[in-house]
Amino acid sequence: MCDSIADMTTVVTDTGLGTIRAGILGGGFMARVHRTALRDAGGTLQAVATRSATSGRAAAEHLGAERAELDGDALIAAEDIDVVHVCTPNTTHADLAARALTAGKHVVCEKPLATTVDDARELVDLAAGAGLIGAVPFVYRYHPMVREARSRVVRGDLGALLTLDCSYLQDWMLLPGDDDWRTTTAAGGASRAFADIGSHLCDLVEFIADERIVRLAARTRRVFARRGEHDVDTEDIAALLVETESGALGTLLISQMAAGRKNALTLELHGANQTVRFEQERPEQLWLGERGESRMLMRDPATAAPDSARLQRVPAGHPMGYQDAFNAFMADAYAAMRGAEPEGLPTFADGYRAAILTEAVLASAERGGAWMEVSTS
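Rules of the game
Residues numbered from 1 in each chain as written. Predicted model: local features only at pLDDT ≥ 70, side-chain atom pairs only at ≥ 80, totals over all residues. Heavy atoms only, no water. Axes fitted to C-alpha atoms, helices over the stretch in contact; angles between N-to-C directions. Helix = DSSP H or I, 4+ residues; strand = E, 2+ residues; numbered from the N terminus. Left-handed = near helix turned anticlockwise from the far one by under 90°. Contact = heavy atoms within 4.5 Å. Nonpolar A, V, L, I, M, F, W, Y, C, P; charged D, E, K, R; others polar. Pairing = 2+ DSSP bridges. Core = buried A, V, L, I, M, F, W, Y, C linked by side-chain atoms within 4.5 Å. Buried < 20%, exposed > 50% of the residue type's maximum accessible area, 1.4 Å probe, protein only. Expected span 1.5 Å × (residues − 1).

Trainee: Tell me about the packing of helix H8 (residues 193-209) against helix H11 (residues 348-366), and name the residues and values.
Mentor: Remark: H8 packs on H11, axes separated minimally by 10 Å, with the N-to-C direction vectors making an angle of 115°. Classified by chirality, the crossing of H11 by H8 is right-handed. Packed against H8, whose contacting residues are Phe194, Ala195, Ser199, Cys202, Asp203 and Glu206, the element H11 presents Asp350, Arg353, Ala354, Leu357, Thr358 and Val361 at the interface. Partitioned by chemical class, the residues of the contact of H8 with H11 number six nonpolar, two polar and four charged.

Trainee: Provide a residue-level description of the side chain of Ser199, including the pertinent values.
Mentor: Inspection of the secondary structure puts Ser199 in helix H8. In this structure, Ser199 is in contact with Lys111, Phe138, Phe194 and Ala354, ignoring residues within four places of it in sequence.

Trainee: Got a sec to walk through the sheet that holds strand E17 (residues 372-373)? Specific residues and values, please.
Mentor: Strand order in the open sheet formed by nine strands is E16-E15-E14-E13-E7-E12-E11-E8-E17, with mixed pairing between adjacent strands. Only two strands of the sheet have a single partner each, and these edge strands are strand E16 (294-298) and E17. In terms of strand pairing, strand E8 (residues 213-221) meets strand E11 (residues 237-244) through eight bridges, oriented antiparallel. By the bridge assignment, Ala218 is partnered in E11 with Leu240. Each of strand E7 (161-169), E8, E11, strand E12 (249-255) and strand E13 (264-271) is contacted by H8, which is oriented at about 30° to E13, the strand it contacts most.

Trainee: I'd love a proper account of the nonpolar core, names of residues and values included.
Mentor: Ranked by internal contacts, the top residues of the largest apolar core, which has 72 residues, are Leu201, Leu216, Leu240, Ile254, Leu267, Leu269 and Phe348. Here this core gets ten residues from one element, more than from any other, and that element is H8. If near-sequence neighbours (up to four positions away) are discounted, Leu216 is found in contact with Leu240, Leu241, Val242, Leu357, Ala360, Val361, Ser364, Ala370, Trp371, Met372 and Val374. Among the nonpolar cores identified, the runner-up in size contains 32 residues, and Ile20, Ala37, Val108 and Ala333 belong to it.

Trainee: Describe in detail helix H1 (residues 29-40), supporting the description with residues and values.
Mentor: With twelve residues, H1 should reach 16 Å at 1.5 Å per residue; the first-to-last C-alpha distance of 17 Å fits that figure. Within H1, burial applies to Met30, Ala31, Val33, His34, Arg35, Ala37 and Leu38. Where H1 is buried, its residues meet strand E1 (21-25), strand E2 (44-49), helix H2 (53-63), strand E4 (83-86), strand E5 (106-109) and helix H10 (322-337). Positive phi shows up at Gly42, right after H1, with a value of about 95°.

If you want it as structure tokens, here you go:
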């Protein structure tokens, strides 16, 4: 069973860490999101490094960093950097994160934390042994209405959990000409759709439900054998049956080929007393269903559960979205680097959990959808 909200505490100690000085490895979309979030959290962007000195200089200028480092080694070794943000292709994550931890830096690493369970476990142990913070941006936890849903589950509003109906749908790989570095295991790892977005979905399921998935059966599909000028060896679609610790059964559909769906992450949890539904593309609202009535609950800090209210920077009626959630995640990650213990911060342990689930999904799919037991680690 996951730790309940009632079991979580916040302890602040003096680490002597003032303004947190950051370095970013990578210069793409996620680097821009990290840049905005770390500055909002009170950090400074000291340096950027990419695959070449030329692209590094361009990225540093675009992101507004103090300088561009020659390469990743130079950035990791820099004495004026407290935290390294890893925003590079998937198969580089584990090595870069390990090197940064070894150099005494905190790490914020994009998911997947690692493309193997063993590598992810090593990073958890390395961070713990060094007394450093390792965080993974499962940022959908930071939508206030997600915290509202979780608080209602934990206090028993839903009653016993019966079933789950969840999905994460996108369409950016719909056409045969759509291509990306994630389509090959060399850069993206053995899984694409599940590791990329299914990991977010499962993290949110377990976070809101406050319990683990203990067994699953999965089928995957690769629609196009080739994209661009190369073969494709990762999946476009994954469909899962899952069972949780309490015996609840659920369906999870993950697809990057759902026409018209841009970032449709949806969770519906059915309890013996009540249903709760959250849609990431409509993050300001939560649908609550009961036998006698259904209603839409809108975000409002004045009436929200405490853990939801603390994330609400603006009054009701002033929309909050993805960057707000990312900013709140980064604020918690940086607070942890200063000694706090913010409730719900996704750490390397959660990245390790995602690796366990990814491995189980691939193993089940290879066996034609056989049921697989999933460790609750």
